[in-house]
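Residue-level structure breakdown
Spelled out, the chains give:
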Amino acid sequence: MCEPSLRVRPLRALRHWRPLLAALPLMLAACQSMAPDYQRPAAPVAARYPQQADAADALAPALVWQVYFRDPQLQALITQALANNRDLRVAALRVEEARALYGIQRADLFPAIGAQAGVDRSRTPADLNLTGRPLVGSAYQAGLGLSTWELDLWGRLRSLDDAALQSALASEATRRAAALSLVAQVADAWLELAEIDERLAIARDTIASRQESYRIFARRVEVGATSRLNLTQIETLLTQAQALGAQLEQQRAQRLNALTLLVGAPVELSVGRARTALDTVFPDIAAGTPSLLLTRRPDIAAAEHRLQAANANIGAARAAFFPSISLTGSLGTASAELNGLFRDGSHAWSFSPSISLPIFTAGRLRNNLDLAEVRRDLAVANYEKTVQAAFRDVADALAARQWLTRQLAIAETAEQVQAERARLSTLRYDNGAAPFLDVLDAQRDLLSARQQRVQIRRALLSSAVALYAALGGDSNAATAFPLSSGPRP
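All values reported here derive from a predicted model rather than from experimental measurement. (Residues numbered from 1 in each chain as written. Predicted model: local features only at pLDDT ≥ 70, side-chain atom pairs only at ≥ 80, totals over all residues. Heavy atoms only, no water.)

**Some words on the overall build of the protein chain**
The number of helices and strands found in the protein chain is eleven helices and four strands. Looking at the protein chain as a whole, 39% of its 489 residues are labelled buried. Entry remark: accessible area of the protein chain is about 26900 Å², with carbon and sulfur atoms responsible for 56%. (Helix = DSSP H or I, 4+ residues; strand = E, 2+ residues; numbered from the N terminus. Buried < 20%, exposed > 50% of the residue type's maximum accessible area, 1.4 Å probe, protein only. Areas by Shrake-Rupley, 256 points an atom, 1.4 Å probe, with all protein chains shown as cover.)

**Here's the deal with the nonpolar core**
Grouped together as the largest cluster of nonpolar side chains are 61 residues, with contacts concentrated most on Y49, F69, L77, V186, L259, F282 and V394. Among the elements that take part in this core, helix 6 (residues 156–223) stands out by supplying 16 residues, more than any other. Aside from chain neighbours lying at most four places away, what touches L77 is V186, W190, L259, V263, V267 and L269. In this structure, A218, L231, L237 and V439 belong to the second largest nonpolar core, which totals ten residues. (Core = buried A, V, L, I, M, F, W, Y, C linked by side-chain atoms within 4.5 Å. Contact = heavy atoms within 4.5 Å.)

**Examining the sheet that holds strand 1 (residues 113–124)**
Here four strands make up an open sheet; going across it, the order is 1-2-3-4 and the pairing antiparallel. The sheet terminates laterally at strand 1 and strand 4 (347–356), the two strands that pair on one side only. Across this sheet, the average inter-strand angle for adjacent strands is 25 degrees, counted without regard to direction. Taken together, the ten bridges between strand 3 (residues 324–335) and strand 4 define a ladder with antiparallel strand orientation. Counterpart to S326 in the pairing with strand 4 is S354. (Pairing = 2+ DSSP bridges. Axes fitted to C-alpha atoms, helices over the stretch in contact; angles between N-to-C directions.)

**What to know about the pattern of salt bridges**
One pass over the structure, following the stated rule, counts 24 salt bridges. Taking the shortest distance from any N to any O, the salt bridge between E172 and R175 comes out at 2.8 Å. Placement of both E172 and R175 in helix 6 is noted, with a separation of three residues, approximately one turn of the helix. The partner of D396 in a salt bridge is R392, and the shortest N-O contact between them spans 3.0 Å. (Salt bridge = Lys/Arg side-chain N within 4 Å of Asp/Glu carboxyl O.)

**Let's talk about the packing of helix 10 (residues 364–430) against helix 11 (residues 436–470)**
Two elements in contact, helix 10 and helix 11, have axes whose closest approach is 7 Å; the angle formed by their N-to-C orientations is 160 degrees. Judged by the inter-axis angle, helix 10 sits roughly antiparallel to helix 11. Considering how the two elements wind past one another, helix 10 and helix 11 form a crossing that is left-handed. A class-by-class count of the residues in the contact of helix 10 with helix 11 yields 22 nonpolar, six polar and eleven charged. (Parallel < 35°, antiparallel > 145°, perpendicular 65-115°, else oblique. Left-handed = near helix turned anticlockwise from the far one by under 90°. Nonpolar A, V, L, I, M, F, W, Y, C, P; charged D, E, K, R; others polar.)

**A look at the packing of helix 6 against helix 9 (residues 298–319)**
Following both chains from N to C, one finds helix 6 and helix 9 inclined at 165 degrees, their axes separated by 8 Å at the closest point. Here helix 6 is positioned roughly antiparallel relative to helix 9, judged by the angle of their axes. Note on packing geometry: the crossing formed by helix 6 with helix 9 is left-handed. Taken together, the residues of the contact of helix 6 with helix 9 break down into 14 nonpolar, eight polar and five charged.

**Regarding the packing of aromatic side chains**
Going through the model one piece at a time under the given rule, you end up with ten aromatic pairs. With a centroid separation of 5.0 Å and an interplanar angle of 45 degrees, the aromatic rings of F217 and F436 are classed as tilted. Remark: F436 occurs in helix 11 and F217 occurs in helix 6; sequence separation between them is 219 residues. Since its relative accessible area comes to 7%, F217 is described here as buried. You can call F436 buried: its relative accessible area is 6%. Every member of this aromatic cluster is reached through a ring pair, and the members are Y68, F69, F282 and Y468. Over the face of the ring belonging to F217 we find R220, whose NZ or CZ atom lies 5.0 Å from the ring centre. (Phe/Tyr/Trp six-rings, centres within 6.5 Å; stacked < 30°, edge-to-face > 60°. Lys NZ or Arg CZ within 6 Å of the ring centre and 35° of its normal.)

Here it is, written out as structure tokens:
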């Protein structure tokens with residue numbers, strides 16, 4: 001008997017809410033954001049890089065790091081780092097944190113509706129009752145309740161929602177920037193380790209050669225074929241080479257520790273395994289124009305999202321000056337008896353709109369707006385600084401690539417010249433045409449030239465890594481953290 005009435009009565013009760021439901025679309029359609037129209041600030045940099053011959057050069061397409069860094073050993077290290085690096089893990093958790101905060105803020109745009117049920121039992125004393133007898137009463141109720149819901153007529157909640165969205169997008173861009181930086185750091189640390197291994201190999205070969213020279217000269221001293229001064233000079237060269245070898249061993253251990261920290265897991269690279277890295281040839285990439293850089297660098301994207309969030313907060317601060325309208329209501333059934341719930345005539349509803357208008361706030365609202373505007377100006381300055389820093393990163397990498405190429409050619413020539421000088425000095429000494437000091441100087445300079453050539457070669461490869469990172473790498477690839485403002489109520 002009760003089933004038909006259970007379906008019909010709530011529908012009948014809705015007629016009391018029809019004026020409100022009909023007015024809601026009109027009220028919500030009038031919602032307008034009071035945030036200033038956003039315009040990206042002009043890039044405070046030149047139209048081309050200083051080392052760029054043609055400003056019209058197209059920016060090279062984004063290369064995934066697996067294509068740019070082709071060495072299997074390096075790819076394995078980067079893969080480990082992306083999976084285990086703790087700084088990157090923190091950045092990823094910051095994204096999840098920002099995403100949750102965005103969800104919390106976005107929920108304020110929608111009404112919160114909950115089911116509620118309750119019972120009230122009360123006793124009224126006889127002297128407070130008109131009948132002169134004590135009265136015990138009961139009240140049962142059940143239904144749906146609408147908690148206080150602010151009608152966003154001035155766009156305050158919408159502005160806060162936009163700010164939270166932009167903050168979440170900034171966190172995601174920051175995570176991508178951290179990942180790109182990590183890839184570059186691992187590659188650079190790997191190259192530094194290769195440099196030390198190569199220099200260490202040269203030092204060990206030199207030590208072995210000078211030990212043999214010391215043995216020969218010691219024998220000559222024994223037979224009186226040379227002076228002890230020459231022997232001490234050979235020993236000096238030997239100890240210098242041994243000291244260099246010990247320094248390089250220390251540096252290798254420290255570089256390996258640094259690489260281990262980046263990778264986030266133990267790294268096993270025996271001496272010499274990374275030496276082939278110095279033969280790496282990275283793909284040549286064009287820098288394009290600085291204006292194209294704005295769409296590729298994740299740190300620039302993060303700074304712009306923070307600027308947009310600050311811009312949206314101005315809209316929320318402006319909307320706070322206007323009246324706030326909130327709705328509270330409930331719809332259900334009530335009865336003095338439990339079995340009377342859901343019977344004919346038991347439906348109950350309440351509707352409580354309220355309006356709040358700030359009159360005197362002791363300057364709180366004005367100062368809050370000033371604060372939002374100052375923070376927007378700070379965000380503009382930080383954005384421009386980020387753009388300038390990115391411009392410098394690319395310019396520095398281009399300058400390094402240009403001049404280190406020249407330095408490497410000079411260093412290779414210098415090494416050949418020093419090797420020939422050492423050979424000729426030895427021949428002249430053996431023939432009695434030159435003092436042994438000339439041989440010592442030539443060998444010392446040859447070792448220095450070999451070491452310098454390896455250092456410049458590594459620096460040139462590092463400049464290619466720096467240019468890849470400075471141009472944004474493949475940071476704009478699809479991410480597993482899509483965010484959009486979505487439909488608004």
